[in-house]
Amino acid sequence: MFDHTYDNPVISGFHPDPSVCRVGDDYYLVCSSFEYFPGLPLFHSRDLVHWEQIGNVLDRPSQLPLPLPGSKASGGLYAPTIRHHDGFFWVVDTNVDGGGNFVVRAERPEGPWSDPVWIDVEGIDPDLAWEEDGACWCAFSGPAGGINLARIDPVEGTVLEGPFPTWSGSGLKYPEAPHLLRVGDWWYLLIAEGGTERGHAVSVARARSPRGPWEGAPGNPLLSHSGTGRPIQNTGHADLVQAPDGGWWMVLLGVRPRGFTPDVHVLGRETFLTPVEWDEDGWPVVAPVPERHRAPGGAWHPVPAPPARDDFDGTALAPHWISPFARPEGSWSLTERPGSLVLHATGPTLDTPGYTFVGRRQQHHECRVTALVDPGTGRGGLCVRLDEAHHYEVEVGDGEVRVVARIGPLSQTVAQRLAPPGPLTLGVTVRTSDLVPASPLLTGGHTTGPDTLAFWLGDPEAPGAHPLAELDGRYLSTEVAGGFTGRVIGMYATEGSVAFDWFAYTPAQDG
């Protein structure tokens, strides 16, 4: 038997609000996806450390209504819960822009998953738990605050009893994200408190029955990094799972802020893993979340990293590719020009929802992105997106290459030069600020932000590449822009049709 260690986060980048279940020796985990389609990324692991995305729970437009106008950045799908019961996988979630709370199910985690069954309860962050007699309970964060509980029929979506209030936490703001779990003779109610910013925390209560009465743990909050100097912050929104060896583990969200005060995070809320013990009185005990820890005992199952380069040779896009709000069939094609992803513009600007964009989450603090782009008579390129009011892009069209920065109400072209005819390579590099020397391309010659984004005509690692501009990364951070998501880097078209022969995302070794 070998002892292994793991590094946190176990799923990096914008993968918040994790929920996990175990079936035999296999673990399955889902995360929030907010305004992006397809929705609810689904991961598989055999050891809780190495996770592979095997799909998305909501991968058909009929499952994920995000109507425009009306849908917004950081709207859409909030915190999901995944469970396995009676031969089915179940996911319950809230679509704040299209119908409220719903349940979907599947016989296999890879799908197909059913269309949503809507539940007539008002609130967010729903959870599912079953009693031994088959009664199904849905806990959720109620509109008036506190955690509510209803007994439901998850197949029909019918509310059979309730809803009624259960527990409102330990007194911190925004009690939410409940998970109801049976351990021994007790029912435990695990919740998030304190808001999903620096005050985020995990608290727990227990009762002999889901109907209560509930008592909070004397040591609440169970976990919080608030007010500490730990490199992992915003710890909260947790779920529990028991490993085959009997040990207990917690998955939760956190962030890794960077930069000079006030530090900010740019990758979004990520998924972390930490061990759980039980004290002599039957309460869970969780130490501060470590950057590195001994891995769960038993199996050790590394999974291959996704290829750095996508040549678009397949018949479908890989599951990590996402698009804001929707991806209409007529907006993209892998067959129109075999071996390329062709994007057709559906909107003239990235500043208003309804444009054509296919991207992936930024998962490393340092990385390089390149793509071979043939604009034809169209306009498009590479974009680093947080929302419609916060994005940087390098684009080609009308015989020019331009770098455009949108920060709040301001949009400015910060660099431009003539473009050579035919396909060309565009590049973006992201470097942490403590490694960035003063540069004449960077406004002010220095940065105190978390990182610097550099934009290139050509591959930054190849001879002959032309640097175009460098921009401070703090303006593409949650603390500046607001919201619940992280950066997404991808390809877009805002005029005509643009072909991408390949797209490469290469993390730095220490990124």
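Everything quoted here is computed from the prediction, not taken from an experiment.

Asks: Explain the overall build of the protein here, please?
Replies: In terms of regular secondary structure, the protein is built from 1 helix and 38 strands. For the protein, with 511 residues in total, the buried portion stands at 59%. In the protein, of all internal contacts separated by at least 6 residues, the share reaching a separation of at least 24 is 58%. Accessible surface, the protein: about 20100 Å² in total, of which carbon and sulfur atoms supply 51%.

Asks: Got a minute to help me understand the pattern of salt bridges in this structure?
Replies: As a working rule, side chains carrying opposite charge can pair if their charged atoms are close by. Scanning the entire structure with this criterion turns up 28 salt bridges. Put simply, aspartate 115 and arginine 60 hold a salt bridge, and the shortest N to O gap is 2.9 Å. Of the two residues, aspartate 115 sits in the loop between strand 9 (100-106) and strand 10 (117-118) while arginine 60 sits in the loop between strand 6 (52-58) and strand 7 (81-85), which places them 55 residues apart along the sequence. Accessibility expressed as a relative area gives 39% for aspartate 115, which makes it partly exposed. Across the pair glutamate 161 and arginine 151 runs a salt bridge, and its minimum N-O distance is 3.0 Å. Taken together, the residues glutamate 161 in strand 14 (residues 158-167) and arginine 151 in strand 13 (residues 147-153) connect sequence positions 10 residues apart. On the basis of relative accessible area, glutamate 161 is assigned to the partly exposed category, the value being 23%.

Asks: Please clarify how the layout of surface pockets should be interpreted in this entry.
Replies: Gaps between atoms show up when a probe of the same size as a water molecule is rolled over them. There is about 1600 Å³ of room inside the largest pocket. Surrounding the largest pocket, 48 residues form its lining, Val10, Ser12, Pro306, Gln363 and His364 being those nearest its centre. The computed volume of the second largest pocket comes to approximately 550 Å³. Around the second largest pocket, the lining is made up of 19 residues, and of these Arg83, His84, Leu180, Leu181 and Arg182 lie nearest the centre. Secondary structure elements with two or more residues in the lining of the second largest pocket: strand 2 (19-23), strand 7, strand 11 (124-130), strand 15 (176-183) and strand 19 (233-242).

Asks: Looking at this model, I keep getting lost on empty space enclosed by the protein. Mind explaining?
Replies: Applying the stated rule across the entire model yields 1 cavity of 30 Å³ or more. Of the voids in this model, the largest cavity is the one considered here, and its volume is about 50 Å³. When residues in the lining of the largest cavity are grouped by element, the largest group, 3 residues, is from strand 28 (residues 356-361). Its residues assigned to classes, the lining of the largest cavity shows 5 nonpolar, 4 polar and 1 charged.

Asks: Sorry, what's going on with the pairing of strand 38 (residues 497-507) here?
Replies: Side-chain positions along a regular strand alternate between the two faces of the sheet. Bridging between strand 24 (residues 309-310) and strand 38 involves 2 bridges; their strand directions are antiparallel. Among the inter-strand pairings, aspartate 310 is bridged to a residue of strand 38, identified as phenylalanine 503. Both strand 27 (residues 341-344) and strand 38 contribute to a ladder of 4 bridges, which runs antiparallel. Bridge pairing links histidine 344 to serine 497 in strand 38.

What counts, and where the lines are drawn
Residues numbered from 1 in each chain as written. Predicted model: local features only at pLDDT ≥ 70, side-chain atom pairs only at ≥ 80, totals over all residues. Heavy atoms only, no water. Helix = DSSP H or I, 4+ residues; strand = E, 2+ residues; numbered from the N terminus. Buried < 20%, exposed > 50% of the residue type's maximum accessible area, 1.4 Å probe, protein only. Contact = heavy atoms within 4.5 Å. Areas by Shrake-Rupley, 256 points an atom, 1.4 Å probe, with all protein chains shown as cover. Salt bridge = Lys/Arg side-chain N within 4 Å of Asp/Glu carboxyl O. 1 Å grid on protein atoms, 1.4 Å probe; cavity = no way out; pocket = protein on both sides within 12 Å on 5 of 7 lines; lining within 4 Å. Points joined across faces, edges and corners; volume = space filled by probe spheres on them. Nonpolar A, V, L, I, M, F, W, Y, C, P; charged D, E, K, R; others polar. Pairing = 2+ DSSP bridges.

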